Amino acid sequence: VNRSDGPAHDPGKEGTPLDTGVQRVLSLPSLVATLRSVVVAGGAEPDERTRAAVRLLAQLADSDIPGAHPRDWFGLAPSSTDHPLWTPEKGPVVLSPSNVDALSKCSLRWLLERSGGRDGDAAPAVTGSLVHTLVQAVAGDLDPDEVTAALRGIWDRIDTGAAWFSARELERAESMLVHFRDWLRISRADLTEAGVELPVDATVPADPGPPDPDRPGSDLDVRLRGRVDRLETDSAGRPVVVDVKTTKSAITKADAEGHAQMAAYQVAIANGGVAALGRTEPGGARLVYVSSPHRSTGAAERTQPPLSPELLDEWIGVVRRAARASVGPEYAATPNPGCVHCRLTTSCPAQIQGKAVTDD
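What you see is a predicted model; the values in this text were computed from it and never measured.

Topic: the overall build of the chain
The secondary structure content of the chain amounts to 10 helices and 8 strands. The proportion of buried residues among the 360 residues of the chain is 38%. The contacts of the chain with a sequence gap of at least 6 include a subset with a gap of at least 24, amounting to 68%. A total of about 21,100 Å² of accessible surface is found on the chain, and carbon and sulfur atoms cover 53% of it.

This is the structure in structure tokens:
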């Protein structure tokens, strides 16, 4: 019987009052919860009430009542391991440029997403993967009608939920292909294609000498490995990284200049990440947002200027700090602007939804 503010009555006997002194539902889970709260609140010097609750919990635990034994209490179980994810005998710490970006923002989110916390089958992810595949066909001078027909043929085999949502996503995907085609045509005035889906692989060696506590990660060899959507060359013959983005909103110009993923690609290229080019001066990077049309560029474009030698050194420091953050075994929950889009807040101690019940 749940306690109420007014007098309680037996529904079978109108006017017969029930005892309203019971403060909880009469069930085993409720009893266990009450006893646990008494024990936890008892402090270092338990009184007789606390000791009685301990004895009752012990009896319930001996009877295998769920939740009665402290081993089942949240926050009391030890860590499953305190070993780091990487040890020196494994060779260089391997990161993709997108890992550098994620680790620079929140290492806990990076760990949770790489351990199954990301839903890769969500409709936006499916749309993005399809568009990334088909923009290469567009760049390969295939007839636009053929590319559109291929998209629709694939779309019929994808379960995106409600019919209206599926139709809207298909229309959005088709418009992204149009915007990319427009960007490709307009950008030929100052860019020349050097490669599509090109692998990038470079190692940033550790600094010689003992580790420097003021420069985290300086003692690590870091291998940057990834694949660029497009590699172009500018009028000076320098390699320009182009990343096609299918998100609905473009970042600010200032954020593009400090975009860690693009800077990591530039660091890799400067360190010989493209075998055919060797170590070379990077020509910057461009983020092409094909969801957003633009009158002068075809699709919204954000640029990162070529990294000077000084900026390259600074970004090498960022890459090394990201490598150190990836090693573990501790991972920091770092509040940042991306938190509003994070789906892991219930596992994040920096957010109200993720705080442990034992936290203050």
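Brief notes about the packing of helix 3 (residues 97-105) against helix 9 (residues 260-270)
Close contact between helix 3 and helix 9 brings their axes to 7 Å; oriented N to C, the two are set at 135°. The angle between the axes of helix 3 and helix 9 places the two elements in the oblique class. For the crossing formed where helix 3 meets helix 9, the hand is right-handed. In contact with Pro97, Ser98, Val100, Asp101 and Ser104 of helix 3, helix 9 contributes Ala260, Gln261, Ala264 and Tyr265. Partitioned by chemical class, the residues of the contact of helix 3 with helix 9 number 5 nonpolar, 3 polar and 1 charged.

Details of the packing of helix 9 against helix 10 (residues 309-327)
One can describe the packing of helix 9 onto helix 10 by two numbers: an axis separation of 10 Å at closest approach and a directional angle of 110°. With respect to helix 10, the element helix 9 is oriented roughly perpendicular. Regarding helix 9 and helix 10, the two cross each other, and that crossing is left-handed. Counting all contacts with helix 9, which are made through Ala260, Ala263, Gln266, Val267 and Ala270, the residues of helix 10 involved are Leu312, Trp315 and Ile316. A per-class count over the contact of helix 9 with helix 10 returns 7 nonpolar, 1 polar and no charged.

As for helix 3
Within the sequence span of helix 3, burial applies to Pro97, Val100, Asp101 and Leu103. Looking at the buried side of helix 3, the elements it contacts are strand 3 (93-95), helix 4 (107-117), strand 5 (222-233), helix 9 and helix 10.

Some words on the state of the cysteines
In the structure shown here, the tally under the stated rule is 0 disulfides. Cysteine cysteine 339 remains unbridged, with the sulfur of cysteine 348 as its closest cysteine sulfur at 6.3 Å.

Things to note about the confidence of the model for the chain
Across the chain, the average pLDDT comes to 84, with 85% of residues at or above 70. The secondary structure element of the chain with the lowest average pLDDT is strand 1 (residues 9-10), at 49, and the one with the highest is helix 9, at 96. Of the regions scoring below 50 in pLDDT, residues 1-9 engages in 12 contacts with residues more than four places distant in sequence or in other chains.

Topic: the pairing of strand 5
Where strand 3 meets strand 5, 3 bridges bridge the pair, whose relative direction is parallel. The partner of leucine 95 across the bridge, within strand 5, is leucine 224. Relative to strand 5, strand 4 (residues 192-204) runs antiparallel, the two sharing 11 bridges. Following the sheet pairing, leucine 198 is matched in strand 5 by valine 228. Of the strand pairs in this sheet, strand 5 and strand 6 (residues 239-245) are connected by 4 bridges, and their pairing is antiparallel.

Re the side chain of arginine 302
For arginine 302, the location among the structural elements is in strand 8 (residues 298-304). Here arginine 302 occupies a buried position and makes no salt bridge, while the nearest side chain of opposite charge, glutamate 301, is found at 8.2 Å. Here isoleucine 251 takes part through its backbone oxygen, which lies 2.6 Å from a polar atom of the side chain of arginine 302. Excluding residues within four positions of it along the chain, arginine 302 makes contact with Ala250, Ile251, Thr252, Lys253, Ala256, Ala285, Arg286, Leu287 and Tyr289.

A few points about helix 2 (residues 48-62)
With 15 residues, helix 2 should cover 21 Å at 1.5 Å per step; its first-to-last C-alpha distance of 21 Å lies within 8% of that length. In this structure, the buried side of helix 2 is in contact with helix 1 (28-41). The backbone nitrogen of arginine 49 has a side-chain oxygen 3.2 Å away, supplied by the residue at the start of helix 2, namely aspartate 47. Backbone geometry just after helix 2 places aspartate 64 at a positive phi near 60°.

Rules used throughout
Residues numbered from 1 in each chain as written. Predicted model: local features only at pLDDT ≥ 70, side-chain atom pairs only at ≥ 80, totals over all residues. Heavy atoms only, no water. Helix = DSSP H or I, 4+ residues; strand = E, 2+ residues; numbered from the N terminus. Buried < 20%, exposed > 50% of the residue type's maximum accessible area, 1.4 Å probe, protein only. Contact = heavy atoms within 4.5 Å. Areas by Shrake-Rupley, 256 points an atom, 1.4 Å probe, with all protein chains shown as cover. Axes fitted to C-alpha atoms, helices over the stretch in contact; angles between N-to-C directions. Parallel < 35°, antiparallel > 145°, perpendicular 65-115°, else oblique. Left-handed = near helix turned anticlockwise from the far one by under 90°. Nonpolar A, V, L, I, M, F, W, Y, C, P; charged D, E, K, R; others polar. Disulfide = S-S within 2.5 Å. pLDDT = per-residue confidence, 0-100. Pairing = 2+ DSSP bridges. Lys, Arg positive; Asp, Glu negative; His and termini not counted. Salt bridge = Lys/Arg side-chain N within 4 Å of Asp/Glu carboxyl O. Polar contact = N/O pair within 3.5 Å; in protein donor to acceptor, adjacent residues only side chain to side chain. Expected span 1.5 Å × (residues − 1).

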